[in-house]
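Residues per chain are reported as follows:
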Amino acid sequence: MAEKVLVLEHKSFGMVDAIEAFRENGYEVHTFSHQDLYEHNSEGFDRAFEEAIGACFPDYVFSLNYYPILSKNCNRHNIKYISLVYDSPLIALYTYTVIFPCNYIFLFDSAMYLEFKKEHIDTVYYMPLPVNAARYSRMQLSDIGEEAREYLSGEVSFVGALYNESHNLYDRKAAEMPEYTRGYLEGIMAAQRNVYGYYFVQELLKPEIVESWNKVSPYEPAADSVATREYVYAHYFLARKITELERAELLKSVSERFALSLFTHKEPADMPHALFKGAIDYYDVMPYVFKGSKINLNITLRSIRSGIPLRAMDIMGAGGFLLTNYQEDFLRHFEPGSDFVYFTDKSDMLAKIDYYLSHDKERVEIAANGNRKVKEFHNYPRAVKEMMEVVNGQGTQ
């Protein structure tokens, strides 16, 4: 008889692929959902969970990202809880619930994984994010109309957020900060923008700066949270602002020299040469962009300290050429210059775009190499198999 997995179903990248992969591995999959999944305590969620497990008696519970309320329920009912985390940071991880023995938490950012291991938390494991490369292989540009193919293809493309929304966490209250506090924070951000591979912002947030900032933009951790104000300000407020500034600078420079297609929610006001094409659907449209673009850019959210972002895996999984900023975890799984290409700064990025646009054979070979590795080692069925081996004491970390 097949073992049963109860999946917390919610809107997230990869949900359909994860469910399909469990079934492909021979598991019987049941799903449930509840609007209170982000709450730390909810009697309604608890009742819905009890009804769900009473209907199918699962051997395991699975979710994409980690939810303290789900961990509490699994711990209460002695059910193994498996979570595959695709966000970094994820403040939900910074609660006492992570130490529950029911947990098997898979993190894609090795720096975050090591941070937890250093604190002797043994419920976390490292796993780079998988993608459904088989589904991407079935999505061919020749299958869509000429007009759509032309719209989604191009020289250089960027798919993702620019963090230029008016409700940006940092900008909401920046004008109300004391001049010294704002100047200090802007100095930190300027310094961090010049460094890839190490995120040092939190280390530089002095207590007096945090106290001054908290007066104009108060943050109070949840009762069961161990995340400090310094952590939240550094990894949520400042990381997004740094990423906004960095993406704006890099993409503007690309748009002034090359044909740049931007697939994002809000059109930037200062990139008149960029081709703004709006947001696109993750499942049904995005892979065609990666396949049809000669160069696909990844500019990592700064709070992802060493991990390979999902965007980068999706690009390679779709067979696209990836040009990315440096992230340490790439070197654990891929060979630079053979499977993907990374840049060290703006001038290096522009030089490499220029080079690979004029060296078609090298570019196509690199894209094919990266695609082969993702297909073989970073597909969803393999990830599910490896996670379940860890959960059942057969895998190693």
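So, here's what we can say about the structure. Values in this document were obtained by computation on a predicted structure and should not be read as measured data.

1. Details of the overall build of the protein chain
When helices and strands are counted, the protein chain shows 16 helices and 12 strands. Here the protein chain holds 397 residues, and the buried ones make up 56% of them. Intrachain contacts of the protein chain at a sequence separation of at least 6 include 66% that bridge at least 24 residues. On the protein chain, roughly 17600 Å² of surface is accessible, and the fraction owed to carbon and sulfur atoms is 50%. Distance between charge centres in the protein chain, computed from 41 positive and 56 negative side chains, equals 2 Å.

2. Focus: the pattern of salt bridges
Enumeration over the complete set of coordinates arrives at 20 salt bridges. The closest approach of N and O atoms between Arg-229 and Glu-220, which form a salt bridge, is 3.0 Å. The class of Arg-229 is partly exposed, set by a relative accessible area of 27%. Since its relative accessible area comes to 61%, Glu-220 is described here as exposed. As a salt-bridge pair, Lys-346 and Glu-249 come within 3.4 Å of each other at their nearest N and O atoms. Taken as a pair, Lys-346 in helix H14 (residues 346–357) and Glu-249 in helix H10 (residues 229–255) lie far apart in primary sequence, 97 residues in all. Among the residues examined, Glu-249 registers a relative accessible area of 35% and is labelled partly exposed.

3. Quick look at the packing of helix H2 (residues 43–56) against helix H3 (residues 68–77)
For any two helices packed against each other, one specifies the crossing angle of their axes together with the interaxial distance. Across the interface, H2 lies against H3 with an axial gap of 11 Å and an inter-helix angle of 50°. As summarised for this structure, H2 and H3 are arranged oblique, according to the angle between their axes. As for how H2 packs across H3, the hand of that crossing is right-handed. Residues Phe-45, Asp-46, Phe-49, Glu-50 and Ile-53 of H2 form the contact with H3, whose participating residues are Ile-69, Leu-70, Asn-73, Cys-74, Arg-76 and His-77.

4. Regarding the packing of aromatic side chains
Evaluation of the coordinates by the stated rule reveals 27 aromatic pairs. A ring pair is formed by Tyr-196 and Phe-343, whose centres lie 6.2 Å apart and whose planes are at 85°; its orientation type is edge-to-face. In this pair, Tyr-196 sits in the loop between helix H8 (179–192) and helix H9 (207–216) while Phe-343 sits in strand S12 (residues 341–343), placing the two residues 147 residues apart along the sequence. Judged by its relative accessible area of 19%, Tyr-196 falls in the buried class. Of the residues examined, Phe-343 reaches a relative accessible area of 0% and is grouped as buried. Seen in terms of ring centroids, Tyr-198 and Phe-200 are 6.2 Å apart; in terms of plane orientation they differ by 50°. Their pairing is tilted. Since its relative accessible area comes to 13%, Phe-200 is described here as buried. We note Lys-352 situated over the ring of Tyr-342; from NZ or CZ to the ring centre the distance is 5.6 Å.

So, how was this worked out
Residues numbered from 1 in each chain as written. Predicted model: local features only at pLDDT ≥ 70, side-chain atom pairs only at ≥ 80, totals over all residues. Heavy atoms only, no water. Helix = DSSP H or I, 4+ residues; strand = E, 2+ residues; numbered from the N terminus. Buried < 20%, exposed > 50% of the residue type's maximum accessible area, 1.4 Å probe, protein only. Contact = heavy atoms within 4.5 Å. Areas by Shrake-Rupley, 256 points an atom, 1.4 Å probe, with all protein chains shown as cover. Lys, Arg positive; Asp, Glu negative; His and termini not counted. Charge placed at Lys NZ, Arg CZ, Asp CG, Glu CD. Salt bridge = Lys/Arg side-chain N within 4 Å of Asp/Glu carboxyl O. Axes fitted to C-alpha atoms, helices over the stretch in contact; angles between N-to-C directions. Parallel < 35°, antiparallel > 145°, perpendicular 65-115°, else oblique. Left-handed = near helix turned anticlockwise from the far one by under 90°. Phe/Tyr/Trp six-rings, centres within 6.5 Å; stacked < 30°, edge-to-face > 60°. Lys NZ or Arg CZ within 6 Å of the ring centre and 35° of its normal.

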